[in-house]
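Chains, contacts and geometry: an overview
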Amino acid sequence: MANCIRCGRQLPPLTFGKKICQWCVQHEAAQRGELADDARQPVIAAPWVRRESSFTLTHVLFGANIAVFLAMALASGSIMDFNGEVMVRFGANFGPFTLSGEWWRLFTYMFLHGGLMHIAFNMWCLWDLGALCESLYGRWTYAAIYLITGVAAGLASVGWNPGTLSVGASGAIFGLAGALIASFYLGEFSVPRVAIQGTLRSLLFFVGFNVLFGTMMSGIDNAAHGGGLVSGLILGALIARVAPQPDNLLRRASVLLFMVLIVGGAALGIHRWRGSGMHFGRSGMDARENVDRMIGELQKKVKQSPDDASAHDALARAYLTKGQFSEGQSELKRVLDLQPQNTKARMELGAVLLRQEQPKEAQQEFSKLVAQEPDNAGAHAALGVALAEQNNHEGAISEYKNAVRLEPRARGVYYRMGVSEAQLKQYDDAIASYSKEKEENGDDGELETALADAYQAKGMTQQAQEARSKAEQLINGQKGDR
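Residues numbered from 1 in each chain as written. Predicted model: local features only at pLDDT ≥ 70, side-chain atom pairs only at ≥ 80, totals over all residues. Heavy atoms only, no water.

1. Quick look at the overall build of the protein
Per the secondary structure count, the protein includes 22 helices and zero strands. Considering the protein as a whole, with its 482 residues, one finds that 48% of them fall into the buried category. Of all intrachain contacts in the protein linking residues separated by at least 6 positions in sequence, the fraction that spans at least 24 positions is 62%. Element-wise, carbon and sulfur atoms account for 55% of the exposed surface of the protein, whose accessible area totals about 24100 Å². (Helix = DSSP H or I, 4+ residues; strand = E, 2+ residues; numbered from the N terminus. Buried < 20%, exposed > 50% of the residue type's maximum accessible area, 1.4 Å probe, protein only. Contact = heavy atoms within 4.5 Å. Areas by Shrake-Rupley, 256 points an atom, 1.4 Å probe, with all protein chains shown as cover.)

As structure tokens, this is what we get:
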């Protein structure tokens, strides 16, 4: 961080391009008579006065992150990017493990990073924001804010993307930013408004820039950033309104405990919501490269907790990722034995049965799903496919119509309806369905080929030729994969 060119004091973090601290700005304004006589001018220690201890908690957090990074580098043999296996082994936040009882990952993940650039950016932000937060809140409140918002960020991540591997201190750093913004805005600190306006603007710019950057770039855990920011705003506001005096330890501790209870309640809610519906994600880690290790770990989980539906679900999706459909099918059936109302697992099981050329069994699963969720357009469409595979095209068309009634722009449903109508030699209806698919979801070579066949069956030779020519153009141009 830079120093003020007037007094030599350290400038607040994130004060980009500034050379004079806000305290000097106010002092000089007072000297020129531009401020009221009763305007407050804080007394700040001279820059050359040494603090009682120059060793701060920010230094500890910084050092812990660096130490873990070096250990991961030694374990992986690289510093630029760590693979998913290494990150999971060191304690990354990953839904199938975190929500299966390894809650400690919500703490460990915030000390891990995916590579050199990741830790470099996060540590730069931590060095600045951490120093500011520690100086204003005090060491122990700062530590509590860091850990509580970091855990909240991890919960948001695993709730939003349970199959995505998450690492990094950025969730906790956003928590610090949120707490500072709320406390500055609500007047937590006995600092003149003119002295904090610049820092507040910088904090808002920091948050806004990172949120915008996160929405534009892939591979960034925006859910963790959002969870950290929101929990930080809440915590900062509570401290400012309920326990602004740092020496009132009971009030301050009560606020922190209250926030711990809120985060704990959120953890229970996310476990009930996502614990049985996780998907084995591929973003954030090389799932295919590490799937064997994941299967081994999940098999241990299943053996330890045979009635844990979430573990069976994660193992099923790991098997499916590897292409072991029979094993995945068995695990999905076990999930449904434990949780008959798990609609996601039932949909997945039906899809696997279709892939295994078992349409009758798939029909049974999709029929149960439709009975559970009659307004589920995807369930009706899937049931239609299972019926069509058994040459029950009339039944399939009925289900396809239910699907498009519930979701008019459902991709591929009009096309499949047209195929079934063509099988029944209802060519006018088939042409109408194919045309509707083009209107709602765009064109491609397969659709134009089916349309050409329907035109040909109707004896509409010119239209058939035009459709075939267009199909060739689309296929040769590699446009629109269905």
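2. Notes on a nonpolar patch on the surface
Among the surface-exposed residues, Ile-79, Met-80, Leu-116 and Met-117 lie close enough to one another that they form a single nonpolar patch of about 380 Å² accessible area. Mapping Ile-79 onto the fold places it in the loop between helix 2 (57–76) and helix 3 (84–90). Using a relative accessible area of 42% as the deciding quantity, one classes Ile-79 as partly exposed. (Patch = residues over 30% accessible without salt bridge, like charges linked within 9 Å, V, L, I, M, F, W, Y side chains within 5 Å. Salt bridge = Lys/Arg side-chain N within 4 Å of Asp/Glu carboxyl O.)

3. Considering the packing of helix 7 (residues 139–160) against helix 10 (residues 222–242)
Here helix 7 crosses helix 10 at 140°, and the two axes come no closer than 7 Å. As the angle between them shows, helix 7 and helix 10 are arranged oblique. Handedness of the crossing formed by helix 7 with helix 10: right-handed. Along its contact with helix 7, which presents Thr-141, Ile-145, Ile-148, Thr-149, Ala-152, Ala-153, Ala-156, Ser-157 and Trp-160, the element helix 10 presents Ala-223, Ala-224, Gly-227, Gly-228, Ser-231, Gly-232, Leu-235 and Ile-239. (Axes fitted to C-alpha atoms, helices over the stretch in contact; angles between N-to-C directions. Parallel < 35°, antiparallel > 145°, perpendicular 65-115°, else oblique. Left-handed = near helix turned anticlockwise from the far one by under 90°.)

4. Quick word on helix 14 (residues 325–338)
Helix length check: helix 14, at 14 residues, gives a terminal C-alpha distance of 20 Å against a target of 20 Å (1.5 Å per residue), a fit within 8%. Taken together, the buried positions of helix 14 are occupied by Phe-325, Gly-328, Gln-329, Glu-331, Leu-332, Val-335 and Leu-336. Across the axial projection of helix 14, the buried residues extend over an arc of 165°, all falling on one side. Close packing links the buried residues of helix 14 with helix 13 (309–322), helix 15 (343–355) and helix 16 (359–372). (Expected span 1.5 Å × (residues − 1). Arc of directions from axis to C-beta.)

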